[in-house]
Every structure is written in structure tokens, then in C-alpha cells.
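# Examination of the molecular architecture
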Amino acid sequence: MGLDLGTKTIGVAVSDTQRSVATPLETIRRTKFTGDAAGLIDIVGKRSIAGIVLGLPLNMDGTRGPRAQSTEAFARNLEKLTSLPIGFWDERLSTVAAERALLEADTSRKRRAEVIDHVAASYILQGFLDRLAHLAREQSG
């Protein structure tokens, strides 16, 4: 499961069972951590989730700012509620890529606002899945 953690929403994406294709799932409106986590744990319970990847909002120079620290704190708290592995993926430009894809698909402004977060989550998850596949090919070859 891939997450795009924003201040007001959490974009959620999932992959197929072969872990090859990421699909946008939904956007959760943020409340407090307990409510946010309950929504995520509910999704984990309904699906065959093998792990969680959070987009890490690094600064363009690669440094960690307040948003990255907040994401890392969220992950530390979430780790207490699940035994699933939790990792991070550099999310720089994922929202830009998602916005571009939605514009190319001629998505209305209203619809883009509704789906941008979980589409961005799918870009984060897809990047991670592609890297896993690449590493698996390197090890087998």
C-alpha cells in the first residue's frame, strides 16, 4: 500500500498481488492520528497488504524538512499498530507527475482536486514496485 501523506488528506494506492501495478484507491480526510490510522488499518484488514510505503517529502536538495520529519513521526506511530513493514520512497515530483497525467487525460479541475492525492500515492507506490522488480532481476541475473 502506498501513501501520500498530506496535511489535510492521505492518498492511498494499492498494488496487484504480483506487486507490479499500482492503482489509486482513495483519499482519506485527515482528522487526528488515531482516526487516520484506523482508516488505514481498516484498508489493510480488507486487502492482502504486504507492506506500507510512505512518500517521503524531501526538499529538492535532498534534505529533510519539517514535512519529512512529520511523515517519519507518522510512520513511527503507525508501526506500533501493525506488524507490516513500513518504508519510505522519495516523493519529490510525484504530485507534479500525477497532475500532469490528469491534465493529459483532460480531467476537470474539480475531479483533479478529488483524485490528485491517491493518484500521487500510486506514483509513489509504482516507483517503489519498479525498484523492487529491478532489484529482483539483478539478483536472479
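Throughout this document, residue positions are counted from 1 along each chain, in the order its sequence is written. Where totals are concerned, whole chains, interfaces and linings use all residues; where local detail is concerned, this predicted model gives features only for residues with pLDDT of at least 70, and gives and counts side-chain atom pairs only at 80 or more. Excluded from the side-chain calculations are hydrogens and water; all other atoms, namely the structure's heavy atoms, are used.

## Regarding the packing of aromatic side chains
Stated precisely, the cut-off is as follows: Centre distance within 6.5 Å is the pairing criterion for rings of Phe, Tyr and Trp, where only the six-membered ring of Trp is used; planes under 30 degrees apart are then read as stacked, over 60 as edge-to-face, and the remainder as tilted. Runs of H or I in DSSP of at least four residues are treated as helices and runs of E of at least two as strands, each being numbered from the N terminus.
Summed over all chains, the structure comprises 2 aromatic pairs. Residues Trp 89 and Phe 128 carry aromatic rings whose centres are separated by 6.1 Å and whose planes lie at 85 degrees to one another, so their mutual orientation is edge-to-face. Highlighted residues: Trp 89 in strand 5 (residues 86–90) and Phe 128 in helix 4 (residues 109–140), separated in sequence by 39 residues.

## Section: the packing of helix 1 (residues 33–46) against helix 2 (residues 66–79)
In helix packing, the relevant descriptors are the interaxial angle and the interaxial distance, both defined with respect to the helix axes. This is how the line gets drawn: Lines fitted to the C-alpha atoms define the axes, with helices restricted to the stretch that makes contact. Angles between their N-to-C directions range from 0 to 180 degrees. The sense of a crossing depends on the near helix, which, turned anticlockwise from the far helix by less than a right angle, makes the crossing left-handed and, turned clockwise, makes it right-handed. Any two residues whose heavy atoms approach within 4.5 Å at even a single point are treated as in contact. Asp, Glu, Lys and Arg are counted as charged, while Ala, Val, Leu, Ile, Met, Phe, Trp, Tyr, Cys and Pro are counted as nonpolar; the rest, among them Gly, fall into the polar class.
Direction vectors running N to C along helix 1 and helix 2 enclose 65 degrees, while the axes themselves pass 11 Å from each other. Helix-helix and strand crossings are classified by hand; for helix 1 and helix 2 the assignment is right-handed. Between helix 1 and helix 2, the residues in contact are Phe 33, Asp 36, Ala 37, Leu 40 and Ile 41 and Phe 74, Asn 77 and Leu 78, respectively. The class makeup of the residues in the contact of helix 1 with helix 2 is 6 nonpolar, 1 polar and 1 charged.

## Some points on helix 1
Inclusion rule: A helix is expected to reach a length of 1.5 Å times the quantity of its residues less one. When accessible area is computed with a 1.4 Å probe and restricted to protein chains, residues below 20% of their type maximum are described as buried, those above 50% as exposed, and intermediate ones as partly exposed. Taken from the helix axis, the directions to the C-beta atoms give the arc we talk about.
Between its terminal C-alpha atoms helix 1 stretches 20 Å, which fits the 20 Å expected from 14 residues at 1.5 Å a residue. Listed in full, the buried residues belonging to helix 1 are Asp 36, Ala 37, Leu 40, Ile 43 and Val 44. Looking down the long axis of helix 1, one finds its buried residues gathered within 120 degrees of arc, a one-sided arrangement. In helix 1, those exposed residues whose orientation departs by more than 90 degrees from the buried face are Thr 34, Gly 45 and Lys 46.

## Remarks on the nonpolar core
We apply this condition: Definition of nonpolar core: a set of buried residues of the types Ala, Val, Leu, Ile, Met, Phe, Trp, Tyr and Cys, connected through side-chain atoms within 4.5 Å.
Of all hydrophobic cores here, the largest spans 19 residues; its most connected members are Met 1, Leu 3, Ile 10, Val 12, Leu 40, Ile 52 and Leu 54. Contributions of two or more residues to this core are made by strand 1 (2–5), strand 2 (9–15), helix 1, strand 4 (52–56) and helix 2. Broken down by element, the residue count for this core peaks at 4 residues, all from helix 1. Excluding anything up to four places from it in sequence, Ile 10 contacts Leu 3, Asp 4, Leu 5, Glu 26, Thr 27, Ile 28, Arg 30, Asp 36, Leu 40 and Phe 74. Judged by nonpolar contacts, the second largest core, of 7 residues, contains Ala 22, Ala 121, Ile 124 and Leu 129.

## Section: the environment of Asp 90
Here Asp 90 lies in strand 5. In contact with Asp 90, other than residues within four places in its own chain, are Leu 56 and Leu 58.

By themselves these figures say nothing about function.
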